[in-house]
Amino acid sequence: MRIVCVGEVLWDVIGDREYLGGAALNFAAHAARLGHEVAFVSAVGKDERGWRVLQRMEELGLSTRYVREVASHPTGIVTVELGAAGVPQFTIHHPAAYDTPHVTDADLAQLFSPQPDWFYYGTLFQMSPEARRLTYRMIHAAAGTRRFYDINLRKDHYNAPLLRDLMARAPVVKLNDEEAAAINQLFGRAPQSLEAFCRTYAREFGWEAVCVTCGAKGCVVLVGGEYVEAPGYTVQVQDTVGAGDAFAAAFVHGLSLGWPTAEIADFANRVAALVASRSGGTPAWTVEESVALRR
């Protein structure tokens, strides 16, 4: 299937090492690893890190055609501090090249003609007015495409009006349990169970599917009114950077193939566990390895 993905690409700086990252780029890379054709839209600086982004994307099987090179801003970086169980804390550095993406009208027509199967977007990218305008342009062009929103909150990089608008523009949404609690608080609502959260927000925003990841505990998923809780998999965690993005790609994969809800959730949990067992947001893994991990 064809997926158009717009969002940030950057380097995750963990200690003295750098890993290609950014939620949108991670999602694109894992979707490509699942065999899908992915068009990724972003921007990098005309610098050494930008050159390495383009090189690494080609190694991952991702086209660099829609990744703009800009001289005005450096390639994005995020400093990552790993806490307990490899859970990351992010410091996002600005300005960054991904804040200034651009596609021509001709590019836009090519991206959405014929209509792709999915259009992906997230939250961090939308904090730049220029990036947000591009995303909304692409959402408009994707009128006949299923839209997937990975909420993926980062401290000081979201607000209630923006979230409400983005949540209303996609029928399929993914977030984690901490983000569910943060959204309830941001919207002035009382704490509630994850099932109640999924059902309440699905009714309010017209979602056909929503998944909430819960770290090592697994996930909860609501698809077409069917609610499933799926336990996680125990692995030796290197870091959890990119695990949620791999989960998102696997979730979209299973949903597209019409798998039973429990099977979608289990597969996404296995793929996320594989990525958490390796360093960086886009490590190598295979579907065969995910099958071997299955209970």
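From a predicted model like this one, the values you see are computed outputs, not experimental measurements.

Novice: An account of the packing of helix 6 (residues 177–186) against helix 7 (residues 194–205) is requested, with residue identities and associated values reported.
Specialist: Two quantities define a packed helix pair, namely the angle between the helix axes and the distance between the axes. Between helix 6 and helix 7, the least distance of the axes is 11 Å, while the angle of their chain directions is 60°. The orientation of helix 6 relative to helix 7 falls into the category oblique. The crossing of helix 6 and helix 7 is left-handed. On helix 7, the residues that touch D177, A180, I183 and N184 of helix 6 are L194, F197 and Y201. Considered class by class, the residues forming the contact of helix 6 with helix 7 number five nonpolar, one polar and one charged.

Novice: I'd like to hear about the nonpolar core, residue by residue, with values.
Specialist: Core analysis: the largest hydrophobic core is formed by 52 residues, its most contacted members being F27, F40, L62, F148 and F251. Beyond its immediate sequence surroundings of up to four residues, F148 is in contact with F27, W118, F119, Y120, Y121, A170, V172, K174, A248, F251 and V252. Y121, A180, Y201 and W207 belong to the second largest nonpolar core, which has 51 residues in total.

Novice: Lay out unusual backbone geometry in plain terms, naming residues and giving numbers.
Specialist: Each neighbour pair has its own omega, and for H94 with P95 the value is 5°, a cis peptide bond. With an omega of 0°, the peptide bond running from S113 to P114 counts as cis. With respect to the secondary-structure elements, P114 resides in the loop between helix 3 (105–111) and strand 8 (118–122). The backbone of D156 sits at a positive phi, close to 70°, despite the residue not being glycine. Tracing the sequence through the fold places D156 in the loop between strand 9 (146–150) and helix 5 (160–167). Using a relative accessible area of 64% as the deciding quantity, one classes D156 as exposed.

Novice: Outline the packing of aromatic side chains, supporting the account with residue identities and numerical values.
Specialist: Inspection of the entire model under this criterion finds 13 aromatic pairs. Seen from their ring centres, F27 and F148 are 5.8 Å apart, and the 15° between their planes marks the pair as stacked. Of this pair, F27 sits in helix 1 (residues 23–33) while F148 sits in strand 9; the two residues are 121 residues apart in sequence, bridging distant segments of the chain. Both residues of the pair, F27 and F148, belong to the buried class. Aromatic pair Y201 and W207: ring centres 6.3 Å apart, planes at 20°, arrangement stacked.

Novice: Describe the pairing of strand 9, listing the residues and the values that go with them.
Specialist: Among the five residues in strand 9, four count as buried, and that is most of the element. Here strand 8 pairs with strand 9 via five bridges, running parallel. Bridging from a neighbouring strand, Y120 pairs with F148 of strand 9. Following the chain from strand 8 across helix 4 (residues 129–141) to the adjacent parallel strand 9, one finds a crossover that is right-handed. As defined by bridge partners, strand 9 adjoins strand 10 (residues 172–176) across three bridges and the pair is classed as parallel. Paired with F148 across the strands is V172, a residue of strand 10.

Novice: If you had to explain the environment of Q55 to someone new, which residues and values would you point to?
Specialist: Within the element layout of this structure, Q55 appears in helix 2 (residues 48–59). Note on Q55: relative accessible area 36%, which makes it partly exposed. In this structure the C-alpha to C-alpha distance between Q55 and W11, which are 44 residues apart in sequence, comes to 13 Å.

The rules behind the values
- Throughout, a residue's number is its position along its own chain's written sequence, starting from 1.
- With pLDDT at 70 or above as the cut-off, local features in this predicted model cover only qualifying residues; side-chain atom pairs require 80 or more to be listed or tallied, and sums for whole chains, interfaces and linings still use all residues.
- With hydrogens and water set aside, each side-chain value is computed from the structure's full complement of heavy atoms.
- Structural elements are reduced to axes, namely lines fitted to C-alpha atoms, with helices fitted over the stretch in contact, and the angle between N-to-C directions of any two is expressed from 0 to 180 degrees.
- Only DSSP runs of H or I with at least four residues qualify as helices, and only runs of E with at least two residues qualify as strands; both kinds are numbered from the N terminus onward.
- Convention used here: angles under 35 degrees read as roughly parallel, angles over 145 as roughly antiparallel, angles from 65 to 115 as roughly perpendicular, and any remaining angle as oblique.
- Crossing handedness is defined as follows: a turn of the near helix away from the far one that is anticlockwise and smaller than a right angle gives a left-handed crossing, while the clockwise case is right-handed.
- Only heavy atoms matter for contacts: two residues are in contact if any of them lie within 4.5 Å across the pair.
- For this classification, Asp, Glu, Lys and Arg are treated as charged, while Ala, Val, Leu, Ile, Met, Phe, Trp, Tyr, Cys and Pro are nonpolar and the rest, including Gly, are polar.
- Nonpolar cores were defined as sets of buried Ala, Val, Leu, Ile, Met, Phe, Trp, Tyr and Cys residues, with membership established by side-chain atoms within 4.5 Å.
- Only protein chains enter the accessibility calculation, which uses a 1.4 Å probe; a residue whose area is less than 20% of its type maximum is buried, one above 50% is exposed, and one in between is partly exposed.
- Note on aromatic contacts: the rings of Phe and Tyr and the six-membered ring of Trp form a pair at centre separations within 6.5 Å, being stacked when their planes are under 30 degrees apart, edge-to-face when over 60 apart, and tilted otherwise.
- Two strands are said to pair when DSSP picks up at least two bridges between them.
- Crossovers are described as right-handed under a simple rule: with the strands pointing away from the observer, the path leading from the first strand over the helix to the second runs clockwise.

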